[in-house]
Amino acid sequence: MKSIISVFQNKFLPALAKFGNLKYMVVLRDGMIITIPFTIFGSIFMIVVNLPFTWWADFIKPISGYLNAAVTVTFGILALIVAMGISYQSAKANKLDTMTGTVIPTVAFLLAMLNNKLTIDPADLGSGGIFTAIVICIISSEIIRFCVARNWTIELPDSVPPAVAKSFSSLIPGSIALFLVWLVRVVLHVNINSVIQFIFSPLVVGLDSIWGIELAIFLVLALWVVGVHGTNVIGSIYTPVFLSFLTANINAVAKGHAPVHIAADGFLNFGLTIGGTGAILGLVLCMFTAKSKRYKAMRNLGFMPSVFNISEPIMFGLPVVLNPTLMVPFIVTPMVLEFITYYLMKFGVIGMIVAQVPWTTPTVISGFLMTGGDWRASLWQLIELIVSVAAYYPFFKVLDRQEIKVEQAEEAKKENAATDDSIATDTSVKGA
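Just so it is clear, the model here is predicted, and its values are computed rather than measured.

1. Considering the overall build of the chain
Inference 1: A count of helices and strands for the chain gives 19 helices and 0 strands.
Inference 2: Expressed as a percentage of the 432 residues in the chain, the buried residues total 47%.
Inference 3: In the chain, the proportion of contacts linking residues at least 24 apart, taken out of those at least 6 apart, comes to 72%.
Inference 4: If you sum the accessible surface of the chain, you get close to 21,100 Å²; carbon and sulfur atoms cover 70% of it.

Here it is in structure tokens:
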């Protein structure tokens, strides 16, 4: 058993950490961030339109179409927004001019999304095109980098205005990137979007199941245990999938249908990120029973950040990282809570995710908002918080007792030192 754990910690987890720091994993993580203000904006309107009160539905009905327009625009072009974000971050990573490095891959994505009539259908620019946006923009950026590295560019005299010079310098690299996409989509009649969706379908299907979700959660937590930011590493993989699920849910609700995906973006707020990764708010609340000075101080330091889902002060200050005593509750508690949440949503006990909220939204409030106003979701988050406190409590008391012994030993050492100093002083006085 020890050998298995050793292999996992020393080989598997470091490999995952290196994978998360690869250039295009960082690009993927940072490029998806651009979607947040748009999805939150659209989610606000979604929540307003779909509050679960009959009187409100009757009141809002005459203007519901106007309000849903904000939802349609933000989530209806989500793939285009992703394309711009990925293109911009790719240009920065490849040290390209950010203006042309953003525009050219974005246009290449639109070219790849042409339908069989060789026109752009706005309906294809939503969640169904997210993976195509990621792949085409990354490939296009690499083509541009390849050309620029070999000086396949047009150089103009220094007297030419910089903006004009940059446009001409990108002419050949940009034309090659666009030509290749045009050749595949228009001349060879390959439906690029369908092909890419087929390639990513195992990932999508896996993360749409409880076991795929549990595996992702386990890897996030296991990486954190050894000091690696697991959310950044594994989140780069699951974020595009969960975001596409959220978009599908919102589009379904906007059309009057039921949401279709349980693991939509925000699902991990029901267990994994209560107060921060690892349901850490439960551990912080345990500190209110602390007897040791150290953990009382850590409670004061970490409570307010944890309320807003910021776990780093506790992760590295307590610490949770590389702490074998807390390893079991840190990993097991969120996995159990998310497992139960999945089936509560599946059987309709609580609502599915139909809106996105800022990640700093406190627990209980976030559940209500993400599910479009389902009070049962808030109640369940409150129950989860209580469960997490109960799960962490016995492990925390072990740490607290150990720390009390350390503090008592230090106090005794200081008292002995003070006594020795006093005796030495008395001796020297008598000797004088």
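2. Considerations on the packing of aromatic side chains
The description of two aromatic rings rests on the distance between their centres and on the angle between their planes.
Inference 1: Applying the stated rule across the entire model yields 16 aromatic pairs.
Inference 2: Between the aromatic rings of Trp-224 and Phe-316, the centroid separation amounts to 5.9 Å while the plane-to-plane angle is 55°, which identifies the pairing as tilted. Of this pair, Trp-224 sits in helix α12 (residues 210–225) while Phe-316 sits in helix α16 (residues 312–317), and the two are 92 residues apart along the sequence.
Inference 3: Aromatic rings pair up to connect Trp-211, Phe-267, Phe-339, Tyr-342, Tyr-343 and Phe-347 into one cluster.
Inference 4: A cation sits over an aromatic face here: Arg-299 above Phe-288, 5.1 Å from the ring centre.

3. With respect to the side chain of Ser-90
Inference 1: Within the secondary structure, Ser-90 sits in helix α6 (residues 78–93).
Inference 2: Among the residues examined, Ser-90 registers a relative accessible area of 0% and is labelled buried.

4. Some remarks on the environment of Ser-169
Inference 1: With respect to the helices and strands, the residue Ser-169 is situated in helix α9 (residues 162–169).
Inference 2: With a relative accessible area of 24%, Ser-169 lands in the partly exposed category.
Inference 3: Between the C-alpha atom of Ser-169 and that of Asn-151, which follows or precedes it by 18 residues, the distance is 9.3 Å.
Inference 4: With residues near it in sequence (within four places) discarded, Ser-169 still touches Thr-153 and Ile-154.

Reading the values: rules and limits
Residue indices begin from 1 for each chain and proceed along its sequence in written order. With the structure being a predicted model, the display of local features is reserved for residues of pLDDT at least 70 and the display and counting of side-chain atom pairs for 80 or more, all residues being used for whole-chain, interface and lining totals. Computation of side-chain values: all heavy atoms of the structure, hydrogens and water removed. Per the convention used, a helix needs a DSSP run of H or I reaching at least four residues, while a strand needs a run of E reaching at least two, with both numbered from the N terminus. Exposure classes here rest on a 1.4 Å probe applied to the protein chains alone. A residue is buried below 20% of its type maximum, exposed above 50%, and partly exposed in between. By the convention used here, residues are in contact when the closest approach between their heavy atoms is within 4.5 Å. The accessible surface values rely on the Shrake-Rupley method and a 1.4 Å probe; as for residues, cover is taken only from the protein chains in view. Paired rings are identified among Phe, Tyr and Trp, the last through its six-membered ring, by centres lying within 6.5 Å, and are further divided according to the angle between planes into stacked (under 30 degrees), edge-to-face (over 60) and tilted (the rest). Think of it as a cone above the ring: NZ of Lys or CZ of Arg counts as a charge over the ring if it is within 6 Å of the ring centre and within 35 degrees of the ring normal.

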